[in-house]
Every structure is written in structure tokens, then in C-alpha cells.
Amino acid sequence: MKKSIALALTGLFCATAAHAFEVTGGSVSLGYSGLTDGDLNDSNKTTLGGSLEFGVSQAFSLQGDLSLSKFGMTEDAAAVLGVSKIDSRSLGMHAIYHASENTSVGAFLGTDRIESTDLNFIGVEAGHQMGQFGLEGYLSRGKLEGITGTVLGLEGNYAVGEYTTLGLRYDNIDIEGFDSSRLSLTGEIGATPGFAVTGEIGNADLEDIGSELFMGIGVRVNFGAKRGATFRDRSVANLLPGG
């Protein structure tokens with residue numbers, strides 16, 4: 001599957017060499033999240049990220065993601081994890097087919113550079129909008145220091161108003177040494193068209209640590225299409241301690 005998706009992505013890139021790219025949407029975001037109880041109380045993460053989508057044709061597009069994260073933690077948390085700070089960066093690329101105005105499917109690949117360790121991932125994704133309801137899911141394979149595993153997620157949202165959205169999100173990482181799952185409530189309030197304040201509160205179940213409550217807040221600027229880029233970034237590191 002991995003080779004097939006990689007070849008498909010490569011083929012789509014080559015096929016677009018003779019065509020002019022058109023920016024159809026994108027976003028820039030800044031977020032802060034942290035764990036709020038247990039052994040890792042006050043561990044936190046600040047992330048600056050962005051996505052840019054290029055239309056290849058009416059039905060096909062390419063999306064690129066880039067994010068930089070800095071993890072901070074208290075002395076007690078550092079004692080649990082054995083480190084006092086962690087920096088990471090993520091790069092990702094999606095090849096997307098827009099089956100209709102409301103439905104998109106895609107394949108993606110990328111890598112997280114966590115200090116000196118690489119976590120590579122490749123997978124498939126889909127999203128569908130039904131009036132005020134939206135649904136998005138993904139399934140991928142991740143590889144960390146020679147060990148492979150599965151990463152998957154599902155998110156549903158409901159548009160309360162033109163610029164206000166509430167949602168429910170679940171993600172699961174099943175890679176030996178990096179196992180985790182998280183369930184959260186999400187919210188978004190558009191202060192002005194294209195600018196939104198985002199929030200999230202949920203519970204993360206971390207390997208060897210247990211259940212931890214997390215909260216997050218951020219701001220995002222969309223441009224181009226109303227929703228910005230079609231899909232979320234698929235960085236595995238960006239799932240912790242909160243999106």
C-alpha cells in the first residue's frame with residue numbers, strides 16, 4: 001500500500017509539471033495546548049503551522065503542510081519523561097480528489113522530526129459535508145525507529161452559525177513506544193471572515209503514564225476557500241498533548 005500511494009503521489013506531481021498551479025486555499029495557525037493534571041501537570045506545547053493548497057484541475061489539488069512545535073514541561077514532568085524540552089517540525093503533502101462539491105478523498109505522506117528522531121507516516125483520508133454537518137477521517141501507517149504501527153482519527157463537526165462550529169474528535173496512535181489515544185470536544189468562533197479563535201478540551205491516554213486532561217486554544221487565519229485547506233495536517237507529533 002505504501003509503495004502504491006507513493007507512486008500515485010509522484011505521478012500526480014509529474015503530471016502537473018506542464019500545468020500552472022492556482023492557490024485555492026490555505027491557512028496559518030498558532031496554538032497553545034497543555035496537560036492539566038497528573039504526573040505531567042503543566043506540560044505544554046506551542047505550535048506554529050500552515051497549509052497551502054494548489055488546484056491542479058477542477059477535480060484535483062495538492063496540499064502542503066508545515067509546522068514547528070516547542071514542548072515545555074515542569075521539573076516533575078521532566079523527571080517522568082527524562083527530558084526538559086522537546087522541539088519538533090513536521091512536513092506533509094496531500095494529493096486530493098474532489099469527488100463533488102461536498103466530498104473529497106486523498107492520500108498523504110509526511111515526516112515528523114522530533115529532536116533527532118524521524119517519525120514517518122503515509123495514509124489515506126476522506127471528508128464530507130452534509131449541510132451544517134461535517135465529517136473527516138484518516139488512516140495511516142507510521143514508522144518510528146524501525147517500528148511500524150497504525151494512526152487513525154475521526155472528527156465530526158456542526159456549524160452552529162455562519163462562523164461558529166462545535167465538534168467531537170478522536171485520534172489513536174498505535175506505535176510501540178508511542179501509544180496514545182485522545183478524545184476531545186472542539187470549538188471555533190469566527191471573529192471576522194477568515195479569522196477564527198479555536199479551542200479544545202479532552203482526555204489523552206498516554207502509554208506508561210495514564211489518563212491526562214488537556215486543553216488548547218489558538219487562532220487561525222484562512223484564505224482562499226472559506227474552509228482554507230481541504231484537510232488537517234496529519235502530523236503525529238501534533239496530536240500531543242493536544243491539537
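Use the structure listed above.
Residues numbered from 1 in each chain as written. Predicted model: local features only at pLDDT ≥ 70, side-chain atom pairs only at ≥ 80, totals over all residues. Heavy atoms only, no water.

1. Some points on the pairing of strand E9 (residues 164-174)
Part 1 of the reasoning: One ladder, built from 10 bridges, connects strand E8 (residues 147-159) with E9; its direction is antiparallel. By the bridge assignment for E9, Tyr158 is matched with Leu166.
Part 2 of the reasoning: One ladder, built from 10 bridges, connects E9 with strand E10 (residues 180-192); its direction is antiparallel. Of the residues in E10, the one forming a bridge with Arg169 is Ser184. (Pairing = 2+ DSSP bridges. Helix = DSSP H or I, 4+ residues; strand = E, 2+ residues; numbered from the N terminus.)

2. Comments concerning the side chain of Ser88
Part 1 of the reasoning: If you trace the backbone, Ser88 turns up in strand E4 (residues 85-98).
Part 2 of the reasoning: In contact with Ser88, other than residues within four places in its own chain, are Ser67, Leu68, Ser69, Phe71, Arg113, Ile114 and Ala237. (Contact = heavy atoms within 4.5 Å.)

3. Re the nonpolar core
Part 1 of the reasoning: Counting residues in hydrophobic clusters, the biggest one holds 18 residues, and the most contacted among them are Leu119, Val151, Ile173, Ile175, Phe178 and Val236.
Part 2 of the reasoning: Elements that contribute at least two residues to this core include exactly strand E5 (103-114), strand E6 (117-130), strand E7 (133-144) and strand E11 (195-206).
Part 3 of the reasoning: Setting aside its immediate chain neighbours within four residues, Ile173 contacts Thr150, Val151, Phe178, Asp179, Ser180, Val236 and Leu239. (Core = buried A, V, L, I, M, F, W, Y, C linked by side-chain atoms within 4.5 Å. Buried < 20%, exposed > 50% of the residue type's maximum accessible area, 1.4 Å probe, protein only.)

Remember, this is a structural readout, not a statement about activity or role.
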